[in-house]
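# Commentary on secondary and tertiary structure
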Amino acid sequence: PYRVPANETPIGLMNAVSSEKTRESHVAAASPRRQAHFGFRLVMPLALGSTLNPINATMIATALVPIAADFHVSVANAGWLIAGLYLACAVAQPTMGRLADLIGPRRTYLGALSLVAIAGVMGAVAPSLGSLVVARIVLGIGTSGAYPSAMRLFRVEADRLGCDPPRVAMGYLSLAALSTAAVGPLLGGVLTGAFGWRSTFTVNIPLVLITTTLVLLWVPKDQPRPSGGARLLKELDILGIGFFAALLLCLLAFLMNLKSPMWWAFAGAVAFAIALIVHSLRRQRPFIDVWMLAHNFPLVVTYLRVSARAVIVYGIIYGFALWLEGAAHFTTSEAGLLMLPMSAVSAFSSLAGARTKGIRAPFIISFGGALIGCLALLYLRDGPPAWIVAAAAMLFGLPQGMFSTATQAAVYVQAPADQFGAATGLQRTAQYIGAIAATSVLGLLYGRHATDHGFHSLVAVMGALSAFLLIATIFDRTIPRGRV
């Protein structure tokens, strides 16, 4: 006679349900333990390194005027200190990400930190603006190693433990980077006022020593990788890196001279872009995987959103600092202090973004805050009270905090697992391209000196861009849905 399987009898069903509940309870109990692995000892060294790039990017804002005065150049020419670092970062971020994929994130991180220390020494003895720009380029390459290495290490550890993406840990990483980016102008102003602008370079040396020590003590060692310099060079795609660097250099030369356009530079950018695309399509593992990007439209939209947001944030940070010192007649230290509330809002919004599971809402709040901030800045005129200036600027902490944690979550979902390091590097590349564009806009609107008219023109442009991005984000269907 037919025998009812044990799992179909009432007792069997009850046992099955009980077993499933037991398994779920074990998984639920294990999940906090797995997530606890992403604790202080792992996150702290990675967060410290992740502060080096944003703090050096913004610390120079309040030092540009004294640097320009010492070397007898215009503020527009001193802008090469900003653009040079961003050009280096735009190329180095995906390169460092690819290195993290190939040789391991810990090795990549330690090598990058040594370059930061070298740049600190170079900046301390630089005799001219040109040599200082070179120091900033080395600094950009070195500081580009921390973020893609940290994100790659998070991905490796999460896959090994079988747990969800460590969004809280990534949020702390973002908090460290963004809060220091916002406090950078204050630190730059204090250091410049007390020890001179060269201290904004030498301060990196003790920071590197502390970070290196913690990495050696607390960050897990990389897995053994196949050795061979020839193999590594082949995997890195040196020719692709060269095409990409030449493309960005030509584009930078064009953008930095918009008043007298260098059309040959624009033509060169187009030629190198075509060469990069052709080379990428012919290569199995290219530096910029054009084929992957062409078939991953949501990731491309994420990169475009990152670039546009960077135009707003960096345009306001640098433009605001220059206006405070050049037109509103605040001292360097006062200008940095007035930007401090921005860092507080940035820190708060970063923590809030880390604990938010959705992605669309943080984007909307970020662009809405930027739009309201632009409207507030439009009413500032020469000689405003300090508290009004600080209150108007602090709204730009929102697009620095929430936006970054939401973007990290989006890239985590959208990027291919085997190219995750390079994909996070490209995320930062998109950010630096936007920062370069912001620098060119500043040069176009400010010229040799910041004025009220130039500042209000800048704010109007950024406000229009914020409004466009706010509307586009509301109707964007490429943003990952649900709780991420």
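Residues numbered from 1 in each chain as written. Predicted model: local features only at pLDDT ≥ 70, side-chain atom pairs only at ≥ 80, totals over all residues. Heavy atoms only, no water.

### Some words on the packing of helix α13 (residues 238–255) against helix α22 (residues 420–446)
Relative to each other, α13 and α22 sit at 20°, their axes nearing to 9 Å. It follows from the interaxial angle that α13 and α22 lie roughly parallel. Residues Phe244, Leu248, Leu252 and Leu255 of α13 touch α22, and the partners they reach there are Thr429, Ile433, Ile436, Ala437 and Ser440. Residues that form the contact of α13 with α22 fall into these classes: 7 nonpolar, 2 polar and no charged. (Axes fitted to C-alpha atoms, helices over the stretch in contact; angles between N-to-C directions. Helix = DSSP H or I, 4+ residues; strand = E, 2+ residues; numbered from the N terminus. Parallel < 35°, antiparallel > 145°, perpendicular 65-115°, else oblique. Contact = heavy atoms within 4.5 Å. Nonpolar A, V, L, I, M, F, W, Y, C, P; charged D, E, K, R; others polar.)

### Points about the side chain of Asn56
Positionally, Asn56 belongs in helix α2 (residues 40–59). In terms of polar contacts, Asn56 uses its side chain to reach the backbone carbonyl oxygen of Leu52, at 2.6 Å. Apart from residues no more than four positions distant in its own chain, Asn56 is found in contact with Arg136, Leu139, Thr143, Thr200 and Asn204. (Polar contact = N/O pair within 3.5 Å; in protein donor to acceptor, adjacent residues only side chain to side chain.)

### Observations regarding the packing of aromatic side chains
As enumerated under the stated definition, the model contains 15 aromatic pairs in all. Ring centres of Phe254 and Trp263 lie 5.3 Å apart, and the angle between their planes is 50°; on these two criteria the pair is classed as tilted. Taking the relative accessible area as the measure of exposure, Phe254 reaches 11% and is therefore buried. Among the residues examined, Trp263 registers a relative accessible area of 55% and is labelled exposed. Linked through ring pairs, Tyr86, Tyr314, Tyr318 and Tyr432 together constitute an aromatic cluster. One residue, Arg155, lies across the ring of Tyr412, its end atom 4.8 Å from the ring centre. The cationic tip of Arg428 hangs over the ring face of Tyr147; the distance from NZ or CZ to the ring centre is 3.7 Å. (Phe/Tyr/Trp six-rings, centres within 6.5 Å; stacked < 30°, edge-to-face > 60°. Buried < 20%, exposed > 50% of the residue type's maximum accessible area, 1.4 Å probe, protein only. Lys NZ or Arg CZ within 6 Å of the ring centre and 35° of its normal.)

### Observations concerning the pattern of salt bridges
This model, assessed by the stated rule, comprises 6 salt bridges. Taking the shortest distance from any N to any O, the salt bridge between Asp101 and Arg152 comes out at 3.3 Å. A residue pair is termed long-range when its members are at least 10 positions apart, and Asp101 in helix α5 (residues 80–103) and Arg152 in helix α8 (residues 146–161) qualify at 51 residues. Across the pair, Arg152 and Asp101 agree in class, each one buried. Measuring nitrogen to oxygen at the nearest pair gives 3.7 Å for the salt bridge that ties Asp237 to Arg283. Taken as a pair, Asp237 in the loop between α12 (229–236) and α13 and Arg283 in the loop between α14 (263–282) and α15 (290–294) lie far apart in primary sequence, 46 residues in all. Among the residues examined, Arg283 registers a relative accessible area of 25% and is labelled partly exposed. (Salt bridge = Lys/Arg side-chain N within 4 Å of Asp/Glu carboxyl O.)

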